[in-house]
Structures are given as structure tokens and as C-alpha cells.
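Descriptive analysis of the structure
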Amino acid sequence: MAAVRDLYGTVLNEGATKGILVTTAEFGPDSYSFAKDKPLTLLNGSNLLHLLEKHGHEAKIDLKEAKTILKDKAR
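So, here's what we can say about the structure. (Residues numbered from 1 in each chain as written. Predicted model: local features only at pLDDT ≥ 70, side-chain atom pairs only at ≥ 80, totals over all residues. Heavy atoms only, no water.)

**Notes on the environment of Glu58**
Looking at where Glu58 falls in the secondary structure, it is placed in the loop between helix H3 (45–54) and helix H4 (63–74). Classification of Glu58 by relative accessible area gives exposed; the value is 82%. Between the C-alpha atom of Glu58 and that of Lys36, which follows or precedes it by 22 residues, the distance is 30 Å. (Helix = DSSP H or I, 4+ residues; strand = E, 2+ residues; numbered from the N terminus. Buried < 20%, exposed > 50% of the residue type's maximum accessible area, 1.4 Å probe, protein only.)

Here you go:
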């Protein structure tokens, strides 16, 4: 939710016409409620995968695998 509020503040501060926030996970209901009727678009993991597929890219989101990769890189 904090990221959505921060993005909205940035949109207003910079005079942007729209803000887009992408996550590989999900947004909570409070985030969607806050973004409603504001110039914000929230894209969750499913939306992201759909857009990638639509444009000819095969992708997957595996958060467990990503965490393992990050831990290995930190060593």
C-alpha cells in the first residue's frame, strides 16, 4: 500500500498524467481501493505475465526460486 501512495505522490509532484506500478506478486484490496479514480494503474504478477505472453515472451514467476537465486548471489 505504501508503494501505491508513494507513486501517487510522485505523479502529483511531477505533474505526470499517469503512474504504473508493477509487482510480481499481488496488490491488496486497500491498494486497489486507494488507486480507484486516480491516474494509477496497478499490474500484478498475472497481468504482467499476460502482457509478456501477448507480446511473444514466455515467462514465469517463481518467488521461491528468485529468493534462492538472491541468497546465492549474496554469498
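**Observations concerning helix H1 (residues 2–14)**
The terminal C-alpha atoms of H1 lie 18 Å apart, and with 13 residues this matches the ideal 18 Å at 1.5 Å per residue to within 8%. Where H1 is concerned, the buried positions are Val4, Leu7 and Val11. Along the axis of H1, the buried residues cluster in a sector spanning 60 degrees; they form a single face. Of the exposed residues in H1, the ones pointing more than 90 degrees away from its buried face are Ala2, Asp6, Leu12 and Asn13. Looking at the buried positions of H1, the neighbouring elements they touch are strand S1 (19–22), helix H2 (29–35) and strand S2 (40–43). Immediately beyond the C-terminal end of H1, within one or two residues, lies Gly15, with a positive phi of roughly 70 degrees. (Expected span 1.5 Å × (residues − 1). Arc of directions from axis to C-beta. Contact = heavy atoms within 4.5 Å.)

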